[in-house]
Amino acid sequence: MNFGRGPSVVLNVGGTRYSFSREVLKDFPLRRVSRLHGCLSEQDVLEVCDDYDRERNEYFFDRHSEAFGFIMLYVRHGHLRFVPHMCELSFYNEMIYWGLEGSHLDYCCQRRLDDRMSETCTYYPAEEPNGGPEGKGRRPPGAEGRKWLERMRRTFEEPTSSVAAQVLATVSILFVIVSMVVLCASTLPEWRAPENRSVEEQSRYTAESVREPSGIIEAICIGWFTAECIVRFIVSKNKCEFVRRPLNIIDLLAITPYYISVLMTVFTGENSQLQRAGVTLRVLRMMRIFWVIKLARHFIGLQTLGLTLKRCYREMVMLLVFICVAMAIFSALSQLLENGLDLGTKNKDYASIPAACWWVIISMTTVGYGDMCPITVPGRILGGICVVSGIVLLALPITFIYHSFVQCYHELKFRSARYSRSLSAEFLN
């Protein structure tokens, strides 16, 4: 410390005094306290604290003393929890003042803070590096252009960030719904009648289908999705990261089949040999079902599902391993008991282990179609054990997946509430 006298300093926080040596303040975990070490004058000190006593070398902070006591416990022991009977947002405000963030809280308290913020739609931004008196008013070169790109990016990526983003999200949802209605209607018998035509008629129908109302609607929807994808790619910060994102991959899977089918229709022409690609065209058109997943951009529930699967892939793999091991054991035993042993009755449904695997799957998942079932007494006993084992094995990883789902939901809900707050400010302005 370059200001003050004496080997130690005293922090007075709400009437509670804490004494520290000068060297401790240099690397103190609390950012506001460590800033005292670099103060050169009394004016610099008063920018950090509320008052200063030169005689006693005491620094006064008009803050919550009990909250600072819990923060000091974090400094000493590494665990930060909420003060009992104190508002979570008030304690979080104290944390930000001293230079801590929500990530420093223990996991249970982080969930409480997220719930509280989601309910009140309140967001406390962290202190910016240039947020002090010296940095206020300074803007680096090109700040206006980056601000415009960031606003465009939020408009396309965060549906609740502004009024324009909500309008854009609503239009995109309408296009998805219309495209799904057209896809479902195209499978009706009245729409599928042209499939019974001859090869030449089918070729002419394929070429003219784009000019029909359904083809026009499909082309308009594809045009909207393509333009939306191109704009989001242009305004993205990292182009490589943009291509790797799951939702963007889904967009490409939903858009690409249309252009492939159009190109195949153009190049096949009247060639009867290439008309065999009609099956491929139907498969490509049916891939439009991926458009439904595009709704994940606008609904927290689908985003939560995707984020949970991403974070719980280990638990999902563990669940699949449990099922595969149990399936191997029970399918082998059921084939042996029902068909392998000479007990006078042979069940043809269990002629092989692969055939018995189907019975094991529907039994462990408690679906029980009844298309095949054991007829011997040992086989029925084994079936009961298989059903009970399936319930237990499926229930074991569910707890981890459930907790991850709740955490992901709170995170996404809090982020949506944060952008809703900025939307409310936009309305007020």
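All figures in this text were calculated on a predicted structure; none of them were measured in a lab.

Parameters and conventions
Residues numbered from 1 in each chain as written. Predicted model: local features only at pLDDT ≥ 70, side-chain atom pairs only at ≥ 80, totals over all residues. Heavy atoms only, no water. Core = buried A, V, L, I, M, F, W, Y, C linked by side-chain atoms within 4.5 Å. Buried < 20%, exposed > 50% of the residue type's maximum accessible area, 1.4 Å probe, protein only. Helix = DSSP H or I, 4+ residues; strand = E, 2+ residues; numbered from the N terminus. Contact = heavy atoms within 4.5 Å. UniProt positions renumbered as here; feature names shortened; annotations may be inferred. Axes fitted to C-alpha atoms, helices over the stretch in contact; angles between N-to-C directions. Parallel < 35°, antiparallel > 145°, perpendicular 65-115°, else oblique. Left-handed = near helix turned anticlockwise from the far one by under 90°. Nonpolar A, V, L, I, M, F, W, Y, C, P; charged D, E, K, R; others polar. Phe/Tyr/Trp six-rings, centres within 6.5 Å; stacked < 30°, edge-to-face > 60°. Salt bridge = Lys/Arg side-chain N within 4 Å of Asp/Glu carboxyl O. Pairing = 2+ DSSP bridges. Expected span 1.5 Å × (residues − 1). Arc of directions from axis to C-beta. Polar contact = N/O pair within 3.5 Å; in protein donor to acceptor, adjacent residues only side chain to side chain.

A. Molecular detail of the nonpolar core. Ranked by size, the top nonpolar core spans 39 residues in total, and within it Tyr 59, Phe 61, Phe 91 and Trp 98 carry the most contacts. Looking at this core, the elements that each hand over two or more residues are β1 (8-13), β2 (16-21), α3 (42-48), β4 (58-61), α4 (65-77), α5 (88-98) and α6 (107-120). Element by element, the count of residues in this core is highest for α5, at 7 residues. Setting aside its immediate chain neighbours within four residues, Phe 61 contacts Leu 11, Asn 12, Val 13, Gly 14, Arg 32, Leu 36, Val 48, Cys 49, Asp 50, Tyr 97 and Trp 98.

B. Highlighting the UniProt feature "transmembrane region" (unreviewed entry) in the protein. In this numbering, the UniProt entry assigns the feature "transmembrane region" (unreviewed entry) to residues 163-188, 215-235, 247-269, 289-309, 316-337, 349-369 and 381-405. Secondary structure content for residues 316-337 is 100% helix and 0% strand, while the C-alpha to C-alpha distance between its ends is 31 Å. In residues 381-405, helix accounts for 92% and strand for 0%; the two terminal C-alpha atoms are 36 Å from one another.

C. Region of the structure containing the packing of helix α17 (residues 353-364) against helix α18 (residues 377-395). At a minimum axis distance of 8 Å, the contact between α17 and α18 shows a crossing angle of 55°. Classified by the angle their axes make, α17 and α18 are oblique. As for how α17 packs across α18, the hand of that crossing is right-handed. Listed contacts from α18 to Trp 359, Val 360, Ser 363 and Met 364 of α17 are Gly 383, Cys 386, Val 387, Gly 390, Ile 391, Leu 393 and Leu 394. Classifying every residue of the contact of α17 with α18 gives 8 nonpolar, 3 polar and no charged.

D. The arrangement of the packing of aromatic side chains in detail. Applying the stated criterion across every chain yields a total of 11 aromatic pairs. Considering the side-chain rings of Phe 233 and Phe 242, the 5.5 Å spacing of their centres and the 65° angle between planes classify their relative orientation as edge-to-face. Considering the side-chain rings of Trp 358 and Tyr 369, the 5.9 Å spacing of their centres and the 5° angle between planes classify their relative orientation as stacked. With a gap of 11 residues between them, Trp 358 in helix α17 and Tyr 369 in the loop between α17 and α18 connect regions that are remote in the sequence. A residue is classified by how much of its surface remains accessible, and Trp 358, at 39% relative accessible area, is partly exposed. Residue Tyr 369 is classed as exposed on the basis of its relative accessible area, which comes to 57%. In this structure an aromatic cluster arises from ring pairing among Tyr 18, Phe 61, Phe 68, Tyr 97 and Trp 98.

E. Seen up close, the pattern of salt bridges. Tallying each qualifying case throughout the model produces 7 salt bridges. Close ionic contact of Glu 58 with Arg 56 constitutes a salt bridge, the shortest N to O distance being 3.5 Å. According to the relative accessible area criterion, Arg 56 is partly exposed, its value standing at 48%. Salt bridges sharing common partners tie together Arg 17, Asp 53, Arg 56 and Glu 58.

F. View of the sheet that holds β2. One open sheet holds the 4 strands; their spatial order is β2-β1-β4-β3, and the pairing between them is mixed. Lying at the two open borders of the sheet, with one neighbouring strand each, are β2 and β3 (51-53). The sheet shows a mean angle of 20° between the axes of neighbouring strands, taken without regard to direction. Across 6 bridges, β1 lies against β2 in antiparallel orientation.

G. The arrangement of the pairing of β1 in detail. Where burial is concerned, most of β1 is hidden: 5 out of the 6 residues are buried. Two successive antiparallel strands, β1 and β2, enclose a turn made up of 2 residues, where Gly 14 displays a positive phi of approximately 60°. One ladder, built from 4 bridges, connects β1 with β4; its direction is parallel. Counterpart to Asn 12 in the pairing with β4 is Phe 60.

H. Spotlight on α18. Across its 19 residues, α18 extends 28 Å between first and last C-alpha, which sits within 8% of the 27 Å expected from 1.5 Å per residue. For α18, every residue scored as buried is listed here: Gly 379, Leu 382, Gly 383, Cys 386 and Gly 390. All buried residues of α18 project into a common sector of 105° when viewed along the axis, lining one side. Facing away from the buried side of α18 by over 90 degrees, the exposed positions are Val 377, Arg 380, Ile 381 and Val 388. The inward-facing, buried residues of α18 contact α16 (313-340) and α17. You can read the cap of α18 off the contacts: a side-chain oxygen lies 3.2 Å from the backbone nitrogen of Gly 379, and it is on Thr 376.

I. Expanded view of the pairing of β4. Here β3 runs beside β4; their pairing, made up of 3 bridges, is antiparallel. By the bridge assignment for β4, Tyr 52 is matched with Tyr 59. Here β3 folds back onto β4, and the loop between the two strands holds 4 residues, one of which, Asn 57, carries a positive phi near 55°.

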